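# Secondary and tertiary structure notes
So the chains spell out like this:
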Amino acid sequence: MLSNKVNIEKLKQSETSTLTYGSRYFSEPIPKYEMPKEGMPPQAAYRLIHDELNLDGNPNLNLASFVTTWMEPEADLLISENNGKNFVDNDEYPQTEIIQNRVVNMLARLYNVPEDCNFIGTSTIGSSEAIMLAILAHKWSWRKSREQKNLDISRPNIVIGADVHVVWKKLAKYFDVELRMVPMEDGDYILNANKAEKYIDENTIAVGVVLGTTFTGQIDEIENLNDFLENLKENEGWDIPIHVDAASGGFVIPFTEPNFKWDFRLSQVRSINVSGHKYGLVYPGVGWLIFKDEKYLDDDLVFHVNYLGGVIPTFNLNFSKGSSMILAQYYNLLRLGYEGYFKIIKNLLEITNYLGDLLVKTNVFELLNPKLRLPIIAIKIKKEFQDFFTVFDISDKLREKGWLVPAYTLPENAENIAVLRIVIKENFSREMADLLINDLNIIFKEYKDKIGNKKESNKPLINIF
Ligand SMILES: Cc1ncc(COP(=O)(O)O)c(C=O)c1O
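Attention here is on the structure that accompanies the text. (Residues numbered from 1 in each chain as written. Predicted model: local features only at pLDDT ≥ 70, side-chain atom pairs only at ≥ 80, totals over all residues. Heavy atoms only, no water.)

## Quick look at the side chain of Asp220
Locating Asp220 in the fold gives a position in the loop between strand E6 (204-210) and helix H8 (222-236). Salt bridges are absent for the buried Asp220, whose nearest opposite-charge side chain, Lys195, sits at 7.1 Å. Looking at Asp220, its side chain comes within polar contact range of the main-chain nitrogen of Leu191, at 2.8 Å. (Helix = DSSP H or I, 4+ residues; strand = E, 2+ residues; numbered from the N terminus. Buried < 20%, exposed > 50% of the residue type's maximum accessible area, 1.4 Å probe, protein only. Lys, Arg positive; Asp, Glu negative; His and termini not counted. Salt bridge = Lys/Arg side-chain N within 4 Å of Asp/Glu carboxyl O. Polar contact = N/O pair within 3.5 Å; in protein donor to acceptor, adjacent residues only side chain to side chain.)

Here you go:
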């Protein structure tokens, strides 16, 4: 990480780790910033690192991350059995690749790919890699089609809402594409055709939409944008693809709202990404990218590498990667099936609604996303309390109690709104929701005393229950 780089330059080589378990294992201090001259017994190395990691937050109380923190023991076993397999060595591990392709098939069908399409897809390290690959492919298609018509190819752009994840900004910079970001508005945090219209033109290589935004868990108006792009195709001849960033929603909405159209049923939706390590219920890092048809991925971008006894087609940013999480994804799909995912997600949504109701009941918070379609709660503090405490205060105080609940401001145009976001995952039970509310009540008691909570003096009233 870059910030570490700065620190590393300042570190003194002579600095050492404290002598934990000194008399048992370590007769010499352990250098922290240079490789020790001699090794140590495995138990000692394990202990040293294991104990240091106790300073990290508890993953079970991590309501910040979307990423899976628990899997079944059988999945853990499968993962540890396959940690040594490099996925790219598919001449040596052909079955692993076959399994990856089965997952791609399952997902393409889950996303209602039309029967007459030759879909293709790949596993990735996460949604970020998948989104980058998808937009590269759309850039290639746009350029080829314009070259054939002798049109200018110097100014490609992508159109997205300010509600997108940072990876979209990154890719615009990395791949030299103009970023046309439609700003958010207070109280309105999603993209639709009305707002996007003036940003789209013949140089738009793709419109990016989100199925479950990182900020509020809401869903862009995908069908409405698709209708708009269909009209544009008819009237202007511009065939602009939609890429759906279904990082979170891709393992939620197909189970909870199967009739809601956001996927390959829509004509302009040409590619979809999903994070296996979010509601795919696999540890980090695995993501998936599916193209509706192979014609949307120019063969120019697929490198055929002659390696370890076979020719391997690769379309990825990285070469080597582990196989375990791909296999763990397959495990979940087999183990849970449609029914199993449906039950888990339904349960998560019930707990989300339960906690959402309790948070509103405190009279302190307002939900930014009252219709909870994903297990994500985004709350802001009601106006009348904003002079007394902020979401950042609440986040800090919750952290003192072990809870990791991030506070942040919304992007461009709505940056005056500060929110707390809670992501409900499989390990978060109703009991834990009650415990969180209990801890909030303790925090609120302090504030209540400060505010001097008297109804008759028109002071804001915190509801402690
Ligand atoms: C909507 C959205 N897109 C993309 C990403 C990036 O996904 P990943 O962490 O799998 O690279 C995230 C991560 O939270 C996300 O919420």
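## With respect to the site of the ligand
The full set close to the ligand counts 14 residues, and Ser127, Ser128, Asp245, His277 and Lys278 are the nearest of them. Taking Thr214, its side chain carries an N or O atom lying 3.0 Å from an oxygen atom of the ligand. The side chain of Asp245 places a nitrogen or oxygen atom 2.6 Å from a nitrogen atom of the ligand. For the ligand, whose free accessible area comes to 390 Å², the fraction covered by protein is 87%. If one sorts the elements of the shell around the ligand by residue count, helix H5 (residues 127-148) sits on top with three residues. (Near = heavy atom within 4 Å. Areas by Shrake-Rupley, 256 points an atom, 1.4 Å probe, with all protein chains shown as cover.)

## Notes on the sheet that holds strand E13 (residues 376-381)
Taking strand neighbours across the sheet as the criterion, the four strands line up as E12-E13-E15-E14 in an open arrangement whose pairing is antiparallel. Each end of this open sheet is capped by a strand with a single partner; those strands are strand E12 (365-367) and strand E14 (407-409). Looking at each pair of strands side by side, their axes are set apart by 40° on average, direction ignored. Relative to E13, E12 runs antiparallel, the two sharing three bridges. (Pairing = 2+ DSSP bridges. Axes fitted to C-alpha atoms, helices over the stretch in contact; angles between N-to-C directions.)

## Remarks on the environment of Val88
In this fold, Val88 is placed in the loop between helix H3 (73-81) and helix H4 (94-110). Distance in space between the C-alpha atoms of Val88 and Leu211 is 30 Å, their sequence separation being 123 residues.

## As for a negative patch on the surface
A cluster of acidic residues, Glu223, Asp227, Glu230 and Glu234, forms a negative patch at the surface. Mapping Asp227 onto the fold places it in helix H8. A relative accessible area of 39% means that Asp227 is categorised as partly exposed. (Patch = residues over 30% accessible without salt bridge, like charges linked within 9 Å, V, L, I, M, F, W, Y side chains within 5 Å. Charge placed at Lys NZ, Arg CZ, Asp CG, Glu CD.)

## Looking at the environment of Asn83
Mapping Asn83 onto the fold places it in the loop between H3 and H4. Given a relative accessible area of 52%, Asn83 falls into the exposed group. Between the C-alpha atoms of Asn83 and Ser324, which are 241 residues apart in sequence, the distance is 5.6 Å.

## Topic: the layout of surface pockets
Where empty space is left in the structure can be found by rolling a water-sized probe over the atoms. Size it by volume and the largest pocket reaches roughly 550 Å³. Together, 26 residues line the largest pocket, and Gly121, Thr122, Pro313, Thr314 and Phe315 are the ones closest to its centre. Among the secondary structure elements, those contributing two or more residues to the lining of the largest pocket are H4, strand E3 (120-124) and strand E11 (310-314). Broken down by element, the lining of the largest pocket gets its largest block of residues, five residues, from H4. Looking at the lining of the largest pocket, its residues break down into 12 nonpolar, 10 polar and four charged. (1 Å grid on protein atoms, 1.4 Å probe; cavity = no way out; pocket = protein on both sides within 12 Å on 5 of 7 lines; lining within 4 Å. Points joined across faces, edges and corners; volume = space filled by probe spheres on them. Nonpolar A, V, L, I, M, F, W, Y, C, P; charged D, E, K, R; others polar.)

## Side note on the side chain of Gln268
Turning to its location among the elements, Gln268 is positioned in the loop between helix H9 (253-256) and strand E8 (269-275). A distance of 2.9 Å separates polar atoms of two side chains, one belonging to Gln268 and the other to Asp239.

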